[in-house]
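If you want the building blocks of each chain, they are given just below.
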Amino acid sequence: MMHLKATNRAPEDSMDDIFDQEFLADAMAGLQAQPKALSPKYFYDARGSHFFDLICKLDEYYPYRTEMTLLPEVAKELAGFLPDKICCVEFGAGSLHKIRPLLQHCDAIHGFIPIDISHDHLKTAGDKLAEAFPHLSVVPKAGDFTQPIALVSDSAELSNSDVLSLPRLGFFPGSTIGNFTPQEAIRFLKNARKTLGSQSYFLLGVDTQQDREALHNAYNDQEGVTADFNKNILLRMNRELKANFDLDTFTHEARFNESESRIEMHLVSRSAQEIRIAGEVIKFSQGESIHTENSYKYTPERIIALVESAGWQVVHRWTPADGSFSEVLLVPATDSGA
Ligand SMILES: C[S@@+](CC[C@H](N)C(=O)[O-])C[C@H]1O[C@@H](n2cnc3c(N)ncnc32)[C@H](O)[C@@H]1O
């Protein structure tokens, strides 16, 4: 077992250094566990974010297309639930595609704080959005949404921004919530409630697809883009953690786990092999996998149970005719002291 030295981080330590140390500790723990597993947050460097954008353009990947078709309708009705002026805080904001229909159809949004772990990609996307919406105050924030996020303390730009005084609308599209286990999702939603404050709103996009064939195709596309996206986690470990994975010796697999109601993504070793990472040896048997992502599929009833366990309540739900996706608007539950 590898032991990492505790470090006293100087204020000038870069965000990259902090992420690298966490990445190394998490990768070692995940590869030494049984079964082997890595957090999906490590897919996303600039290359991983680019692959995700390519996935969104695939015919098979219904969640992106379905939500983008739904959002203008949501946005037109959203203002009726919100105060006149609001600041939107988007978690896992990616290329900032999903905020655009909200901005085009809902005048209430005056400030925008997109949060993402893929910091270079976020900065580029933030600059483009600010250019397209010159009257919007855009304050991107690099960060990990699995940890509690303080919007004020560590950013002079944010601390000086008047958008912070506005009531907040959390926005978590893309069914990224499905990458969490239900317990993790509850923890995230509780943290988000603290970040956003007691007078807040939360717009959550959740995948409610139940058609097995559509699910299989969405994560096993013909062009192999999802496979490239999945393998980016190996490439990142090679580049950033001095590992020596041979990408051709691992196969992308996406399987539906019926009892958990989730798609699981795996990287399966084609042979018995040893890899080295940061001076340690990790053994793989033939057919052994690294579990890289879950994507839980919820029913409307299970969404309600999930958000209520985290101190939120559903005030409205939008859904397309085929029922394959849900956009739900939440407010803090009145009887919740959290
Ligand atoms: C499935 S993509 C969704 C992107 C976009 N919201 C959409 O709906 O198209 C997940 C996004 O969350 C970001 N992300 C993943 N894990 C994260 C974490 N722990 N903290 C912050 N951002 C994260 C990724 O970089 C990526 O942009």
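Just so we're clear, the structure is a prediction, and the values are computed from it rather than from any experiment.

1. Examining the overall build of the chain
Per the secondary structure count, the chain includes 10 helices and 14 strands. For the chain, the C-alpha radius of gyration of 20 Å lies close to 20 Å, the compact-globule estimate for 338 residues. Oriented by its inertia axes, the alpha-carbon framework of the chain measures out at about 60 × 50 × 40 Å. Taking all 338 residues of the chain together, 52% fall into the buried category. Carbon and sulfur atoms make up 50% of the accessible area of the chain, which totals about 15,700 Å². Across the chain, the mean location of the 32 positive side-chain charges is 3 Å away from that of the 48 negative side-chain charges.

2. Observations regarding the site of the ligand
Around the ligand, a shell composed of 17 residues is seen, among which Gly92, Lys98, Asp116, Asp144 and Phe145 lie nearest. Here an oxygen atom of the ligand sits 2.6 Å away from a polar atom, N or O, in the side chain of Asp116. A distance of 2.8 Å separates a nitrogen atom of the ligand from a polar atom in the side chain of Asp144. For the ligand, whose free accessible area comes to 590 Å², the fraction covered by protein is 94%. Looking at the shell around the ligand residue by residue, the class counts come to 5 nonpolar, 7 polar and 5 charged.

3. Focus on the pairing of strand 14 (residues 325-332)
Within strand 14, 8 of the 8 residues are buried, which leaves it mostly tucked inside the rest of the structure. Across 6 bridges, the pairing between strand 7 (residues 201-207) and strand 14 is antiparallel. Residue Phe202 lies in a different strand from strand 14, and its bridge partner there is Leu330. Summarising the sheet, strand 13 (residues 312-318) and strand 14 pair through 6 bridges and their orientation is antiparallel. If you follow Gln313 over to strand 14, its bridge partner there is Val331.

4. What about the pattern of salt bridges?
Note on pairing: side chains with opposite charge can pair once their charged atoms come close. All chains considered together, the criterion is met by 13 salt bridges. Of the charged contacts, one joins Arg212 and Glu258 as a salt bridge, the two residues approaching to 2.6 Å between their closest N and O atoms. Here Arg212, found in helix 8 (residues 212-219), pairs with Glu258, found in the loop between strand 8 (250-257) and strand 9 (262-269); they are 46 residues apart in sequence, far enough to count as distant. Judged by its relative accessible area of 36%, Arg212 is partly exposed. Note on Glu258: relative accessible area 54%, which makes it exposed. The network of salt bridges with common partners includes Asp45, Arg236, Arg239 and Glu240.

5. Observations concerning the confidence of the model for the chain
Caution applies to low-pLDDT parts of the model: their predicted coordinates are not meant to be read in detail. On average, residues of the chain carry a pLDDT of 91, and 90% of them reach 70 or more. Low pLDDT (under 50) marks residues 1-13, which in the prediction has 13 contacts with non-local residues, meaning those over four places away or in another chain.

6. With respect to the packing of helix 2 (residues 46-56) against helix 9 (residues 225-241)
Angle between the axes and distance between the axes are the two parameters that describe a pair of packed helices. Between helix 2 and helix 9, the least distance of the axes is 9 Å, while the angle of their chain directions is 170°. Taken together, the axes of helix 2 and helix 9 lie roughly antiparallel to each other. At the point where helix 2 passes helix 9, the crossing takes the left-handed sense. Contacts from Arg47, Gly48, Phe51, Phe52, Leu54 and Ile55 in helix 2 reach Val225, Thr226, Asp228, Phe229, Asn232 and Leu235 in helix 9. Residue composition of the contact of helix 2 with helix 9, by class: 7 nonpolar, 3 polar and 2 charged.

Procedures and definitions
- Residues numbered from 1 in each chain as written.
- Predicted model: local features only at pLDDT ≥ 70, side-chain atom pairs only at ≥ 80, totals over all residues.
- Heavy atoms only, no water.
- Helix = DSSP H or I, 4+ residues; strand = E, 2+ residues; numbered from the N terminus.
- Rg over C-alpha atoms; globule rule 2.2 N^0.38 Å.
- Buried < 20%, exposed > 50% of the residue type's maximum accessible area, 1.4 Å probe, protein only.
- Areas by Shrake-Rupley, 256 points an atom, 1.4 Å probe, with all protein chains shown as cover.
- Lys, Arg positive; Asp, Glu negative; His and termini not counted.
- Charge placed at Lys NZ, Arg CZ, Asp CG, Glu CD.
- Near = heavy atom within 4 Å.
- Polar contact = N/O pair within 3.5 Å; in protein donor to acceptor, adjacent residues only side chain to side chain.
- Nonpolar A, V, L, I, M, F, W, Y, C, P; charged D, E, K, R; others polar.
- Pairing = 2+ DSSP bridges.
- Salt bridge = Lys/Arg side-chain N within 4 Å of Asp/Glu carboxyl O.
- pLDDT = per-residue confidence, 0-100.
- Contact = heavy atoms within 4.5 Å.
- Axes fitted to C-alpha atoms, helices over the stretch in contact; angles between N-to-C directions.
- Parallel < 35°, antiparallel > 145°, perpendicular 65-115°, else oblique.
- Left-handed = near helix turned anticlockwise from the far one by under 90°.

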